[in-house]
Amino acid sequence: MQTLNLKVEKTTPTTTTLRLPWSQNLAREGGTLCGQALMAAADTATVLAIAAARGAFCPMTTVQQNTTFQRPIKEADVLITAHVTKLGRTLAFTDITMTPAPPVGGGAGTEAEQPAGEASAETQLAPPAAHATTVYALLG
């Protein structure tokens, strides 16, 4: 998990977004990000989203994770967004999207320099590269 080097981008009472920084150490032959890294990041984002939704961390465990890989990610950070869709007493359900992130830092042509209503190509998110759903058992 530490090798993933995940960073919290944003959290709300129902959604958490993490950044999975690009690393050659997480790439497969051919330079695309390995699915195991994406699934582990999705699982971690789920834990944080559920804790935020509950208002505190409690012991929990993955009951089910279903991941669909739609296209490869190569040499780009990934935004992992977990949204809690149902929070019960003993089970929680989430939807997760995994999307290549725009470059960090910006520079010329950033959103701040664009006319109102016109986002630059760098600030627009690419279509999701993967989608997951999880079911977690809440143990505490």
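Scroll up to find the structure this text is about.
Just so you know, these numbers come straight off a predicted model, no measurement behind them.

## Points about the overall build of the chain
Link 1 in the chain: If you tally the helices and strands in the chain, you get one helix and six strands.
Link 2 in the chain: Expressed as a percentage of the 140 residues in the chain, the buried residues total 38%.
Link 3 in the chain: When contacts within the chain are restricted to residue pairs at least 6 apart in sequence, long-range pairs at least 24 apart make up 69% of them.
Link 4 in the chain: A total accessible area of about 7800 Å² is found for the chain, and carbon and sulfur atoms account for 53% of it.

## Concerning the pairing of strand S1 (residues 7-11)
Link 1 in the chain: Inspection of the sheet shows S1 paired to strand S2 (residues 15-20) by four bridges, in the antiparallel sense. For Lys10, the partnering residue across the bridge sits in S2 and is Thr17.
Link 2 in the chain: If you look at the hairpin formed by S1 and S2, you'll find three residues sitting between the two strands.

What counts, and where the lines are drawn
- Residues numbered from 1 in each chain as written.
- Predicted model: local features only at pLDDT ≥ 70, side-chain atom pairs only at ≥ 80, totals over all residues.
- Heavy atoms only, no water.
- Helix = DSSP H or I, 4+ residues; strand = E, 2+ residues; numbered from the N terminus.
- Buried < 20%, exposed > 50% of the residue type's maximum accessible area, 1.4 Å probe, protein only.
- Contact = heavy atoms within 4.5 Å.
- Areas by Shrake-Rupley, 256 points an atom, 1.4 Å probe, with all protein chains shown as cover.
- Pairing = 2+ DSSP bridges.

Geometric values such as these leave the question of function open.
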